[in-house]
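Structural description and commentary
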Amino acid sequence: MRNLITDVPGLRVGNATDLGLASGVTVVVFDEAAVASVDVRGGGPGTRETDLLEPHETVGAIHAVVLSGGSAFGLDAASGVMAALAERGVGFEVGTARVPIVPGAVLFDLLNGGDKDWGRFPPYRDLGHAAVEAAGLDFPLGTVGAGTGATTVNLKGGLGSASMIAASGHRVGALVAVNACGSVNLGEGPHFWAAPFEQAGEFGGLGLPHPLPALPARPPLKGLPPGANTTIAVVATDAVLTKAQCKRLAVMAHDGYAHAIWPVHTPLDGDTIFATATARKPLADPVFDLALIGDAIVRTLARASARAVHEATALPQPGRLPAWRDVWGE
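Figured I'd write up the structure that's included with this text. (Residues numbered from 1 in each chain as written. Predicted model: local features only at pLDDT ≥ 70, side-chain atom pairs only at ≥ 80, totals over all residues. Heavy atoms only, no water.)

A closer look at the packing of helix H1 (residues 77-87) against helix H2 (residues 124-133)
It is the contact of H1 with H2, at a shortest axis distance of 6 Å, that shows an interaxial angle of 45 degrees. The angle between the axes of H1 and H2 places the two elements in the oblique class. Judged by the sense of rotation from one axis to the other, the crossing of H1 with H2 is right-handed. Across the interface between the two elements, Ala77, Ser79, Gly80, Val81, Ala83, Ala84, Leu85 and Glu87 of H1 pack against Tyr124, Arg125, Gly128, His129, Val132 and Glu133 of H2. Here the contact of H1 with H2 is composed, by residue class, of seven nonpolar, four polar and three charged. (Axes fitted to C-alpha atoms, helices over the stretch in contact; angles between N-to-C directions. Helix = DSSP H or I, 4+ residues; strand = E, 2+ residues; numbered from the N terminus. Parallel < 35°, antiparallel > 145°, perpendicular 65-115°, else oblique. Left-handed = near helix turned anticlockwise from the far one by under 90°. Contact = heavy atoms within 4.5 Å. Nonpolar A, V, L, I, M, F, W, Y, C, P; charged D, E, K, R; others polar.)

Shown next as structure tokens:
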């Protein structure tokens, strides 16, 4: 196990990073069209092709999911992903035409010191195409792809991933770009809210502080305008699921955010989660197995969210937020 979402068979991940831009794109590409759904809980989301993921809509499967920086400009990344997939003959068949189905979500990183003077056309279409070309089973975490320009209230955010085997025997994985309005750490210290779920010291092995600090009356918030934050994620399993079952997993998965980020789902965030299934292993019990997979996804997404901040490095632009490693080292 790589402890990455690619431990779920049937998918690959690619990143395209531009440090000068202080932004980037991450794509999950499926080997075969995958069943998927979505759940949006933040008050300021930026999304593309999410309506078709509702269980009652016609299109039954997707070919890729895009996570991007750039706020609404980053929605162009999906066009680049579509172009790369179309070049490979991938897509939903409509007569003689093929249309790749590529939902996506974006986060706000326009005020992080990068050079956003891109002229007439934003660069995200090209970054999306490059991310598909880079897709593979192994990929870096931290200040890469959609996590390049991400921040939290007090530390550099980033791209995180984790995986595990659910009690049902199914594999699950999570991929997340943490650009939260709140914090993944308790108070001003190095400990992560997700500590109870940590495996093998993957984000420092510090556990929880003792005694636990009292929570302040005012939660930590960036204070930027609505939509200026957002944590976006893809969770995956190798189970054989329907769109309705994927919808339930997407709903459950938001508890992973709640275990890792405080506060979360605010009017200032656009928190969104895509849930996908690559149909390698049937459910023995359609209700209890789904509950066990959902539990594992909650744990995995919490861990991935902490890893995103733990693995991040500071941007080269002066005056940017420090990385966790800059403050507390290893």
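Now that the structure has been shown, we can carry on.
Some thoughts on empty space enclosed by the protein
Inspection of every chain in the model, using the stated rule, returns one cavity of 30 Å³ or more. Its boundaries defined by the atoms lining it, the largest cavity holds a volume of some 30 Å³. In terms of lining, the largest cavity is formed by Arg48, Val66, Ser68, Gly74, Leu75, Ala78, Gly104, Ala105 and Val106. Elements supplying a minimum of two residues to the lining of the largest cavity: strand S4 (62-68) and strand S7 (104-106). Counting residues per element, the lining of the largest cavity draws most heavily on S7, which supplies three residues. (1 Å grid on protein atoms, 1.4 Å probe; cavity = no way out; pocket = protein on both sides within 12 Å on 5 of 7 lines; lining within 4 Å. Points joined across faces, edges and corners; volume = space filled by probe spheres on them.)

As for the side chain of Asp289
Along the chain, Asp289 turns up in helix H4 (residues 288-310). Lys281 is the oppositely charged side chain nearest to the buried, salt-bridge-free Asp289, at an N-O distance of 7.8 Å. Excluding its chain neighbours within four sequence positions, the residues that come into contact with Asp289 are Ser168, His170, Leu283 and Ala284. (Buried < 20%, exposed > 50% of the residue type's maximum accessible area, 1.4 Å probe, protein only. Lys, Arg positive; Asp, Glu negative; His and termini not counted. Salt bridge = Lys/Arg side-chain N within 4 Å of Asp/Glu carboxyl O.)

Remarks on the pattern of salt bridges
A full pass over the atoms with the stated rule returns eleven salt bridges. One salt bridge in this structure joins Glu54 and Lys247, with 3.2 Å as the shortest N-O distance. In this pair, Glu54 sits in the loop between strand S3 (47-48) and S4 while Lys247 sits in helix H3 (residues 243-260), placing the two residues 193 residues apart along the sequence. Look at Lys247 and you get buried, because its relative accessible area is 18%. Overlapping salt bridges, with partners in common, bring together Asp39, Arg41, Glu54 and Lys247 in one network.

Section: the packing of H3 against H4
Contact geometry of H3 with H4 gives a least axis separation of 7 Å together with a crossing angle of 40 degrees. It follows from the interaxial angle that H3 and H4 lie oblique. Considering the relative orientation of H3 and H4, their crossing is right-handed. When H3 is examined against H4, the residues Gln245, Arg248, Leu249, Met252, Ala253, Asp255, Gly256, Tyr257, His259 and Ala260 are found in contact with a partner set consisting of Leu290, Ala291, Ile293, Gly294, Asp295, Ile297, Val298, Leu301, Ala302 and Ser305. By residue class, the composition of the contact of H3 with H4 is twelve nonpolar, five polar and three charged.

Concerning the packing of aromatic side chains
The tally for this structure, following the rule as stated, stands at six aromatic pairs. One aromatic cluster is present, built from ring pairs that chain together Phe192, Phe203, Trp324 and Trp328. (Phe/Tyr/Trp six-rings, centres within 6.5 Å; stacked < 30°, edge-to-face > 60°.)

Looking at a nonpolar patch on the surface
Where nonpolar side chains cluster on the molecular surface, the patch consists of Phe92, Val94 and Val99 and spans about 230 Å² of accessible area. You can see Val94 is positioned in strand S5 (residues 92-94). (Patch = residues over 30% accessible without salt bridge, like charges linked within 9 Å, V, L, I, M, F, W, Y side chains within 5 Å. Areas by Shrake-Rupley, 256 points an atom, 1.4 Å probe, with all protein chains shown as cover.)

Let's talk about the side chain of His63
One can find His63 in strand S4. The class for His63 is buried, based on a relative accessible area of 9%. For His63, the residues in contact, after removing those within four places along its chain, are Val28, Val29, Phe30, Ala33, Leu85, Val90, Gly91, Phe92, Val99, Pro100 and Ile101.

With respect to the layout of surface pockets
The volume enclosed by the second largest pocket comes to roughly 160 Å³. Contributing to the lining of the second largest pocket are 14 residues, with Leu186, Gly187, Pro216, Pro220 and Trp262 lying nearest its centre. Taken together, the residues that form the lining of the second largest pocket break down as nine nonpolar, four polar and one charged.

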